[in-house]
Amino acid sequence: MSPMLATLPDVTAVLHSPSASPPSGLRAPAAVGMGMARTRFLAPRAAASAASAVSAKPAAVAPLYADRTVVRIGLPSKGRMSEQTLSLLKSCQLSVRHLNPRQYTADIPQVPNLEVWFQRPKDIVRKLQSGDLDLGIVGFDIVSEYGQGSDDLVVVHDALEFGHCRLSLAVPKEGIFENINTLEDLANMPEWTQERPLRVVTGFGYLGEKFMRENGFNHVSFLAGDGALESYPAMGMADVIVDLVSSGTTLRENNLKEIDGGVVLESQATLVACRRSLHKRNGVLEITHEMLERLEAHLTATGEIMVTANMRGNSAEEVAERVLSQTSLCGLQGPTISPVYRSRDGKVAVEYYAINVVVPQKSLYKSIQQLRSIGGSGVLVTKLTYIFDEETPRWRKLLLELGL
Ligand SMILES: Nc1ncnc2c1ncn2[C@@H]1O[C@H](COP(=O)(O)OP(=O)(O)OP(=O)(O)O)[C@@H](O)[C@H]1O
Ligand SMILES: O=P(O)(O)OC[C@H]1O[C@H](OP(=O)(O)OP(=O)(O)O)[C@H](O)[C@@H]1O
Ligand SMILES: [Mg+2]
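Since this is a predicted model, take the numbers as computed values, not measurements.

Conventions and cut-offs
Residues numbered from 1 in each chain as written. Chains lettered and ligands numbered in written order. Predicted model: local features only at pLDDT ≥ 70, side-chain atom pairs only at ≥ 80, totals over all residues. Heavy atoms only, no water. Near = heavy atom within 4 Å. Polar contact = N/O pair within 3.5 Å; in protein donor to acceptor, adjacent residues only side chain to side chain. Areas by Shrake-Rupley, 256 points an atom, 1.4 Å probe, with all protein chains shown as cover. 1 Å grid on protein atoms, 1.4 Å probe; cavity = no way out; pocket = protein on both sides within 12 Å on 5 of 7 lines; lining within 4 Å. Sits in = over half its atoms within 2 Å of the grid points. Helix = DSSP H or I, 4+ residues; strand = E, 2+ residues; numbered from the N terminus. Nonpolar A, V, L, I, M, F, W, Y, C, P; charged D, E, K, R; others polar. Domains from an automatic or database assignment. Buried < 20%, exposed > 50% of the residue type's maximum accessible area, 1.4 Å probe, protein only. Contact = heavy atoms within 4.5 Å. Pairing = 2+ DSSP bridges. Expected span 1.5 Å × (residues − 1). Axes fitted to C-alpha atoms, helices over the stretch in contact; angles between N-to-C directions. pLDDT = per-residue confidence, 0-100.

## Focus: the site of ligand 1
Item 1. Close contacts around ligand 1 come from Lys78, Gly79, Arg80, Met81, Gly139, Asp141, Ile142, Gly163, His164, Cys165, Leu244 and Ser246, and that covers them all.
Item 2. Arg80 is positioned with one of its backbone polar atoms (N or O) 2.6 Å from an oxygen atom of ligand 1.
Item 3. Interatomic distance of 2.8 Å between a side-chain N/O atom of Asp141 and an oxygen atom of ligand 1.
Item 4. Against a free-state accessible area of 610 Å², the protein chains account for coverage of 65% of ligand 1.
Item 5. The pocket occupied by ligand 1, as judged from atoms lying within 2 Å of grid points, is the largest pocket.
Item 6. Counting residues per element, the ones that place at least two in the shell around ligand 1 are α2 (80-91) and α4 (140-147).
Item 7. Its residues assigned to classes, the shell around ligand 1 shows 4 nonpolar, 5 polar and 3 charged.
Item 8. Each of two domains, domain 1 (39-164 + 268-299) and domain 2 (165-267), supplies a minimum of three residues to the shell around ligand 1.

## Here we look at the site of ligand 2
Item 1. Lining the immediate surroundings of ligand 2 are Arg80, Gly227, Ala228, Glu230, Asp243, Leu244, Val245, Ser246, Ser247, Gly248, Thr249 and Thr250.
Item 2. Protein contact buries 63% of the 500 Å² of open area that ligand 2 shows by itself.
Item 3. Structurally, ligand 2 is housed in the largest pocket.
Item 4. Elements represented by at least two residues in the shell around ligand 2 include exactly β10 (240-245) and α7 (249-253).
Item 5. No other element matches the 3 residues that β10 contributes to the shell around ligand 2.
Item 6. Residue composition of the shell around ligand 2, grouped by class: 3 nonpolar, 6 polar and 3 charged.

## What to know about the side chain of Gln370
Item 1. Relative to the assigned elements, Gln370 resides in helix α11 (residues 364-373).
Item 2. Since its relative accessible area comes to 12%, Gln370 is described here as buried.
Item 3. Excluding residues within four positions of it along the chain, Gln370 makes contact with Gln326, Thr327, Ser328 and Leu329.

## Quick look at the pairing of β10
Item 1. With 5 of 6 residues buried, β10 is to be regarded as a mostly interior element.
Item 2. Pairing of strand β7 (residues 165-172) with β10, which is carried by 5 bridges, proceeds in the antiparallel orientation. Residue pairing in the sheet places Arg166 in a bridge with Val245 of β10.

## Comments concerning the environment of Gly376
Item 1. Looking at where Gly376 falls in the secondary structure, it is placed in strand β16 (residues 376-383).
Item 2. The spatial distance from the C-alpha of Gly376 to the C-alpha of Val319 is 10.0 Å, given a sequence separation of 57 residues.
Item 3. Excluding its chain neighbours within four sequence positions, the residues that come into contact with Gly376 are Asn310, Met311 and Leu371.

## Thoughts on α2
Item 1. The end-to-end C-alpha separation of α2 is 18 Å, in line with the 16 Å expected for 12 residues at 1.5 Å each.
Item 2. Among the structural elements, β2 (71-76), β5 (135-139), β12 (269-274) and α9 (284-302) are those in contact with the buried residues of α2.

## Re the sheet that holds β5
Item 1. Spatially, 6 strands are ordered β3-β4-β2-β5-β12-β6 in an open sheet, and the strand pairing comes out mixed. Here the strands that pair on one side only, and so sit at the sheet edges, are β3 (105-107) and β6 (153-157). Across the sheet, the mean angle separating the axes of adjacent strands is 35° when strand polarity is ignored.
Item 2. Here β2 runs beside strand β4 (residues 114-119); their pairing, made up of 6 bridges, is parallel. Counterpart to Ile73 in the pairing with β4 is Val116.
Item 3. Packing against the sheet, α9 makes contact with β2, β4, β5, β6 and β12, and its axis sits at approximately 35° to β6.

## Some points on the confidence of the model for the protein
Item 1. Mean pLDDT over the protein: 86, with 84% of residues reaching 70 or higher.
Item 2. Residue range residues 1-55 is modelled with pLDDT below 50. Its contacts to residues more than four positions away, or to other chains, number 130 contacts.

## Considering unusual backbone geometry
Item 1. Phi is positive for Gln93, which is not a glycine, with a value near 60°.
Item 2. Within the element layout of this structure, Gln93 appears in the loop between α2 and β3.
Item 3. Taking the relative accessible area as the measure of exposure, Gln93 reaches 43% and is therefore partly exposed.
Item 4. Even without a glycine there, the phi angle at Asn255 is positive, about 60°.
Item 5. As for its position among the elements, Asn255 is in the loop between α7 and β11 (256-267).

This is the structure in structure tokens:
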């Protein structure tokens, strides 16, 4: 695809654009330097909205926003996020039943009133804003770029633990950039003038422009590109790039480097909702709660394991004292200790106690060493599938954000 030239000879001009208005509701802790512009809700769509147009079972007359009774979630139809999204949902016992890969709709049998729509990530964001989708799973980079800080979008879960990457500014390693190692160095280069601005190629026009503007770049022009951006500087089509980086391999292989202060945004997959749907559409809040609980329970459990061991002792309290003296054995709320009953000379006796303790996976070996050091034996380690807390903090935060 040929790139489109989005000329911005003088970045200060953008300061007056409507997209530079004050902060609003879209918040996620991972955002670095993200501005919050407000985009008003579009009026409810009439009959042939884009989503209805691709329906597997087209209605004679598509329903208005208020008439739709089924809840809709948008999932990425392509790209690396698509498979990982389905696999995360499957791990939460929310398997998506997708009968035909060319069909844009599917369902999740465990949640009867929920319709799945496969869409391009940027369209998920747009349709959440218009109210044609109620929920969506999409990278925070896409939410930020296409949502532009819209108050109509609510990030329900900001860390689904996949699709980790950062939107970052990168410059060539050599030539005039050899000694450029910080954003300040780049901004202070004498080369950039009104006539010869710094040329930035990016697929993230909104975030890219905003970042340059907020970091004091006066002479910048933007080129919109959506693939193989790392080749632009070597081809002489751009000076620097603003693109997604994960391992850094693509940058390295194309002789580019990141610079200090050049990270525009940290991103990973998020669960996003349409604010109006959360307030107004029957069932959306309940489905959001269920999805949030399942996601939290699964994601929390992923980092933890259950360790079980036997220990000789005179009483549960005495064993508990020994266990609690070890820093890695405190568990979620403390260890569970139960007597192990044995029959001895025709009598029931307790010599051993079983200890159950949940520990972070990363401190597994340390926990085993500590258990052994206080007399633990027969250690069993079990993977945990779900940890349901009393109530997830993210749910409380969501209710607060919605004023409920
Ligand atoms: N290298 C990466 N590593 C991890 N996550 C990434 C990487 N690149 C992109 N992502 C995340 O995955 C999302 C989808 O990116 P991906 O490149 O798979 O799809 P796409 O760009 O829509 O597809 P295509 O590149 O085929 O056009 C991005 O919006 C971002 O959140
Ligand atoms: O830091 P790395 O691990 O090397 O990943 C970064 C690359 O991944 C993405 O490209 P993608 O593979 O999606 O190809 P695309 O440019 O065609 O979208 C991104 O646009 C970078 O080019
Ligand atoms: Mg890509």
